Amino acid sequence: MADKRDYYEVLGVDKSVNDDDLKKAYRKAAKKYHPDLHPGDAEAEKSFKEVNEAYEILSDKEKRARYDQFGHAGVDPNFGAGQGGNPFGGGFGGGFGDFGDLGDILGSMFGGGFGGGRRRDPNAPRRGADTATNIVISFMEAAKGCKKDIKVTRTESCSECGGSGAEKGTQAKTCPTCHGSGQVMTGQRTPFGVIQTQTACENCRGTGKIIEKPCRSCSGKGRVRKTTEKVIDIPAGIDDGQTITLRGGGDMGANGGPAGDLHITVSVRPHPIFEREGFDIFCEIPITYAQACLGAEITVPTLDGKAKFTIHEGTQPGDEFKLRGKGIKRLNYSGNGDEYVKIIVEVPKDLNKDQRKKLEDFEDSLEEKNYKKRKSFFDKVKDLFD
């Protein structure tokens, strides 16, 4: 990693750059080194890959934070291996926790609802926590759809003990203190007299079971953190920031409960040529002054490759035409958006003497009728100069 350039330097931005300016810097750099503009240039190809790698890291908030703190080591695939961790902590729907002894007392008096008064079966099925990850794809992959390999770290059943938590060949025993309920009754003296409350059994820590010989692989937990590879389908038409949910792809449940879900947030790299709004795409096409005057058949880039389009005589700078159905596939619907092409007329520079003379003669030969908008424009502003 020592020979890698700083990602901010690669894109020509500072560390305080916002998302919009980062996108603009990437688009500019990608356009500069795009292989289509430098066929066969190995250095340009190398720079183009470097630019894409830099944007992939800096456009991902989590990866950018790690990069800012640890440099290139922070975004290495093996960074933090073995540490585990769940982006959603304890998952969704875990309740409000306990209020301690006061919660137990209030729960006993008023029928629960304060955390400690309601009896919970420690062996009841519980849903696993949801997990999350992020994936970066190209503009074309988002437009057309693709398959992607991702690495997912989640909690799974320990294969060594089969999820029991006990060493192979042994099994957990029912807790003699709570008789498997995970709860014990305790009496507390209060101004209202002695009140019986339920608390978690300290002997088995509320599980109702005692493991005398814990499994070495999972330390008696019955579950382990494991990283696996998955192939996911990215649907055509997905947009930047949207999330794909894989049901049952999160942490495994407890006591036979269902697994949580895996949420995959998609980040889409900008395209050097196209911009997207909803399911429509936009691009700019440069044409020559002569093409604008005379009309011409030009080549237009589309998501499906190159297409021919005929521009009419007298095309003006900024004119826009639409290619119906050439945009992004509508996600979860039939049909596509449209492509809008804006005309940019390139004015010739550095004319030689002969070219200048011909252009002057050409200008002298023109009449008012050759300029469609000139007369109406001066009619509108003539009162300003009276």
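Relevant structure appears above.
The text that follows walks through the structure, step by step, so that each part is easy to find. Remember, predicted model here, so these are calculated numbers, not experimental data. Within each chain, residue numbers correspond to sequence positions counted from 1 in written order. Selection of residues for local features in this predicted model requires a pLDDT of at least 70, selection of side-chain atom pairs for listing and counting requires 80 or more, and totals for whole chains, interfaces and linings are taken over all residues. As a convention, hydrogens and water are excluded, and side-chain values are obtained from all of the structure's heavy atoms.

1. A short note on the nonpolar core
As used here, the term nonpolar core means buried Ala, Val, Leu, Ile, Met, Phe, Trp, Tyr and Cys residues forming a set that is joined through side-chain atoms within 4.5 Å. Working definition: with a 1.4 Å probe on protein chains only, accessible area under 20% of the residue-type maximum means buried, over 50% means exposed, and in between means partly exposed. Core analysis: the largest hydrophobic core is formed by 33 residues, its most contacted members being I137 and I287. When checking whether two residues touch, look at their non-hydrogen atoms; a contact exists if any pair is within 4.5 Å. What I137 contacts, discounting residues up to four positions off in sequence, is A142, K148, I234, I238, V266, S267, V268 and R269.

2. Brief notes about the packing of aromatic side chains
Here a ring pair, both rings aromatic, is described through the centre-centre distance and the interplanar angle of the planes. Pairing of aromatic side chains here covers Phe, Tyr and the six-membered ring of Trp, requires ring centres within 6.5 Å, and sorts the geometry by plane angle: under 30 degrees stacked, over 60 edge-to-face, intermediate tilted. Counted by the stated rule, this structure contains 6 aromatic pairs. Each ring, one from Y8 and one from Y67, has its centre 6.1 Å from the other, and the planes form 40°; the classification is tilted. Placement of Y8 in helix 1 (residues 7-11) and of Y67 in helix 4 (residues 61-70) is noted, with a sequence separation of 59 residues between them. By relative accessible area, which is 5% here, Y67 ends up buried. When the centroid spacing of 6.4 Å and the interplanar angle of 20° are considered together, the rings of F139 and F274 count as stacked. Of this pair, F139 sits in helix 6 (residues 139-144) while F274 sits in the loop between strand 9 (262-268) and strand 10 (275-277); the two residues are 135 residues apart in sequence, bridging distant segments of the chain. The numbering of helices and of strands both runs from the N terminus, where a helix is a DSSP run of H or I of at least 4 residues and a strand a run of E of at least 2.

3. Quick word on unusual backbone geometry
Despite not being glycine, H179 has its phi angle at roughly 60°, a positive value. Among the structural elements, H179 can be located in the loop between strand 3 (173-174) and strand 4 (183-190). On the basis of relative accessibility, which here comes to 65%, the residue H179 falls in the exposed class.

4. Some remarks on the packing of helix 2 (residues 19-33) against helix 3 (residues 42-58)
Taken N-terminus to C-terminus, the directions of helix 2 and helix 3 make an angle of 165°; their axes are 9 Å apart at the nearest point. The orientation of helix 2 with respect to helix 3, classified from their angle, is roughly antiparallel. Crossing geometry of helix 2 relative to helix 3 is assigned as left-handed. Contact residues: L22, K23, Y26, A29, A30 and Y33 in helix 2; A44, S47, F48, V51, N52, Y55 and L58 in helix 3. In this count, Pro and Cys sit with the nonpolar residues alongside Ala, Val, Leu, Ile, Met, Phe, Trp and Tyr, while Asp, Glu, Lys and Arg are called charged and the others, Gly among them, polar. Residue classes in the contact of helix 2 with helix 3 are distributed as 10 nonpolar, 2 polar and 1 charged. Lines fitted to the C-alpha atoms define the axes, with helices restricted to the stretch that makes contact. Angles between their N-to-C directions range from 0 to 180 degrees. Each angle is binned into one of four classes, with values under 35 degrees roughly parallel, values over 145 roughly antiparallel, values of 65 to 115 roughly perpendicular, and all other values oblique. When the near helix sits turned anticlockwise from the far one by under a right angle, the crossing is termed left-handed; a clockwise turn instead gives a right-handed crossing.

5. Concerning a negative patch on the surface
A cluster of acidic side chains, namely D19, D20, D21 and D240, defines a negative patch on the protein surface. Residue placement: D21 occurs in helix 2. Nonpolar side chains (Val, Leu, Ile, Met, Phe, Trp, Tyr) within 5 Å and like charges within 9 Å form the patches, drawn only from residues with over 30% relative accessible area and no salt bridge. To measure how exposed things are, a 1.4 Å probe is used in the Shrake-Rupley method; for residues, cover is taken only from the protein chains shown. For this analysis, a salt bridge means a side-chain nitrogen from Lys or Arg found within 4 Å of a carboxyl oxygen belonging to Asp or Glu. The charge count treats Lys and Arg as positive and Asp and Glu as negative. His and the chain ends do not count. Charge positions come from single atoms, namely NZ of Lys, CZ of Arg, CG of Asp or CD of Glu.

6. Description of the sheet that holds strand 1 (residues 131-137)
By way of backbone hydrogen bonds, the strands of a sheet pair with one another, either parallel or antiparallel. If you trace the 3 strands from one edge of the open sheet to the other, you get 1-9-8, paired in mixed fashion. This sheet does not close on itself; its edge strands, each paired only once, are strand 1 and strand 8 (243-246). Between one strand axis and the next, the sheet turns by 25° as a mean value, whatever way the strands run. The criterion for strand pairing is that DSSP finds at least two bridges linking the strands in question. Both strand 1 and strand 9 contribute to a ladder of 7 bridges, which runs parallel. Counted as the bridge partner of T133 is I264 from strand 9.

7. Some details on helix 8 (residues 353-365)
By this rule the span expected of a helix is its residue count minus one, scaled by 1.5 Å. Along its 13 residues, helix 8 runs 19 Å from first to last C-alpha, staying within 8% of the 18 Å computed at 1.5 Å per residue. With a side-chain oxygen positioned 3.2 Å from the backbone nitrogen of D354, the residue opening helix 8 is N352. Distance and chemistry together define a polar contact, namely a pair of N or O atoms within 3.5 Å, with one atom able to donate a hydrogen and the other to accept it when in protein, and with adjacent residues in sequence counting only for side-chain atoms on both sides.

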